[in-house]
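# Coordinate inspection notes
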Amino acid sequence: MSGNSNSTEFNFKKIIDQVIDAILILDGEQIVYSNRAADHLLSFDEHTTLCGLSIGMFITPLDMPSMRDALDKISLAQLDSESIRLSVHSSKNMHFPAEITLHPFIEQHHPLVQLTIRDISARKAAEESMIQSEKLSVIGELSAGIIHEIRNPLTSIKGFLQLMQSSEQINMDYIDIVMREIEQIENITGELLYFTKPKCEHFAPVDLGIIVQETVRLFETQALQHNIKLKLDTEASTHFINGEKTQLKQVFVNLVKNAFEASPDGSTITISLSTTDQGEDVFIQDTGSGMPKHVFNNLGKSFTTTKVTGTGLGLMVTYTIVKNHKGSVSVSSEENKGTTFHLSFPKAVKE
Ligand SMILES: Nc1ncnc2c1ncn2[C@@H]1O[C@H](COP(=O)(O)OP(=O)(O)O)[C@@H](O)[C@H]1O
Ligand SMILES: [Mg+2]
């Protein structure tokens, strides 16, 4: 990369100039070489050189600490490569999201870093439209079921109101039925709200231990009434993951509610939290009815329910929220023995 070019170096530079990816070579934070694609991407013409400029000129100030971290990491940890996503701005002050890959190398005993910069605006736009269409397809998939699930209670409400209309008497039993049917519609619409709410997810470090404690408190009265022992086992004092508290609370409420609904009076429900190298794990274990194969195989699919007033939406919402938190769910269940839901979330990373 020095000035005394020989023919091999000349050929090498010619090849690098033909590469479609933008390539820079850094000495510390200073650019010592740029190929044509880099000049073009960062909006310099062929006659102006990026050499001698600092990489800091092209990275959004907010992202510069991440860039420095990556440069430090690659030189200190002696990694082969490192990739980061950040916002780059060109000399024309245009911002674009970029994926930057760093490769360290040694040139004449001197450590340098090769940066490959890819404009990922198109990829990001495609990702966003995929998320949007996935949401739409979930709603589309659900709509036939939703109509069906809401039409049933509506038909029954209409029927009982017509009966009361013709008898001109208020029948308390009919009113009870109508109330129950209305509650059923409320349950369904309540659970579906999750999909219609605009996603204003503010993921921040949250302590799963606290969310689980709050959930347990919500079920304490019910536990007393049914003589169900609700146990909470935590290994560590904190269990931080990156997430959105209200959504995560909904996950635990759904799972504990299901555990209650499957548990006979006098049994035990145990929630345990544990920390692993990869992340935080939560187990919700009951000694209740367990589930038959046909239910087990359809878990998480909308309107899978074995309950008279069930919606069959709780687990679908639960799975969606866990997936959004980059977590995973596994279930084991044995009929008449009980069920365990095992959730794993990646540990909170500092921003
Ligand atoms: N802990 C559990 N024990 C036994 N069966 C369960 C458990 N959790 C879920 N299920 C089964 O999965 C079905 C779907 O649950 P869910 O999606 O929450 O809908 P809902 O509770 O409204 O029926 C339940 O109806 C039940 O048959
Ligand atoms: Mg449920």
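Given the structure is predicted, the values throughout are model-derived calculations rather than measurements. (Residues numbered from 1 in each chain as written. Chains lettered and ligands numbered in written order. Predicted model: local features only at pLDDT ≥ 70, side-chain atom pairs only at ≥ 80, totals over all residues. Heavy atoms only, no water.)

What follows concerns the sheet that holds strand β2 (residues 30-34). With antiparallel pairing, the 5 strands of this open sheet are ordered in space as β2-β1-β5-β4-β3. Single-partner strands in this sheet number two, and they are β2 and β3 (82-89). For this sheet, the mean angle separating the axes of adjacent strands, direction not counted, is 35°. Taken together, the 4 bridges between strand β1 (residues 22-27) and β2 define a ladder with antiparallel strand orientation. Residue pairing across strands places Leu 24 opposite Ser 34, the latter belonging to β2. Where helix α3 (residues 64-76) meets the sheet, its contacts fall on β1, β3, β4 (95-107) and β5 (110-119), and the angle it forms with β3 comes to roughly 150°. (Pairing = 2+ DSSP bridges. Helix = DSSP H or I, 4+ residues; strand = E, 2+ residues; numbered from the N terminus. Axes fitted to C-alpha atoms, helices over the stretch in contact; angles between N-to-C directions. Contact = heavy atoms within 4.5 Å.)

The next subject is the environment of Asp 277. Take Asp 277: it is sitting in the loop between β9 (268-275) and β10 (279-286). In this structure the C-alpha to C-alpha distance between Asp 277 and Lys 347, which are 70 residues apart in sequence, comes to 8.6 Å.

So, on to the site of ligand 1. Taken together, 22 residues sit near ligand 1, with Thr 305, Thr 306, Lys 307, Thr 311 and Leu 315 positioned nearest. Between an oxygen atom of ligand 1 and a side-chain N or O atom of Thr 305, the distance comes to 2.5 Å. In isolation ligand 1 exposes 530 Å². Once the protein is present, 94% of that is buried. Mapped by element, the contributors of at least two residues to the shell around ligand 1 are α8 (245-262), α10 (314-324) and β12 (338-346). Taken together, the residues that form the shell around ligand 1 break down as 8 nonpolar, 11 polar and 3 charged. (Near = heavy atom within 4 Å. Polar contact = N/O pair within 3.5 Å; in protein donor to acceptor, adjacent residues only side chain to side chain. Areas by Shrake-Rupley, 256 points an atom, 1.4 Å probe, with all protein chains shown as cover. Nonpolar A, V, L, I, M, F, W, Y, C, P; charged D, E, K, R; others polar.)

The geometry of α8 relative to α10 is characterised by a closest axis approach of 9 Å and an angle of 145° between their N-to-C directions. Here the hand of the crossing between α8 and α10 comes out left-handed. Where α8 approaches α10, its residues Gln 247, Leu 248, Gln 250, Val 251, Asn 254, Leu 255 and Asn 258 are matched on the opposing element by Gly 314, Leu 315, Val 317, Thr 318, Ile 321 and Val 322. In the contact of α8 with α10, the residues fall into 7 nonpolar, 6 polar and no charged. (Left-handed = near helix turned anticlockwise from the far one by under 90°.)

Here we take up the sheet that holds β9. Strand order in the open sheet formed by 5 strands is β7-β9-β10-β12-β11, and the pairing between neighbours is mixed. Across the chains shown, the open sheet's two edge strands, defined by having one partner strand only, are β7 (229-234) and β11 (328-334). Strand after strand, the sheet turns through a mean of 10° between neighbouring axes, direction not considered. Here β7 runs beside β9; their pairing, made up of 6 bridges, is parallel.

Counted according to the given criterion, the structure contains 2 aromatic pairs. Judged by centre distance (5.0 Å) and plane angle (55°), the rings of Phe 160 and Tyr 174 are tilted. Of the two residues, Phe 160 is situated in helix α4 (residues 121-167) and Tyr 174 in helix α5 (residues 172-196); the sequence distance between them amounts to 14 residues. (Phe/Tyr/Trp six-rings, centres within 6.5 Å; stacked < 30°, edge-to-face > 60°.)

Moving on, we get to the pattern of salt bridges. Two side chains carrying opposite charge are able to pair once their charged atoms lie near each other. Tallied over the entire structure, the rule returns 9 salt bridges. Between Arg 68 and Glu 29 there is a salt bridge whose closest N-O contact spans 2.6 Å. Of the two residues, Arg 68 is situated in helix α3 and Glu 29 in the loop between β1 and β2; the sequence distance between them amounts to 39 residues. The class of Arg 68 is partly exposed, set by a relative accessible area of 40%. (Salt bridge = Lys/Arg side-chain N within 4 Å of Asp/Glu carboxyl O. Buried < 20%, exposed > 50% of the residue type's maximum accessible area, 1.4 Å probe, protein only.)

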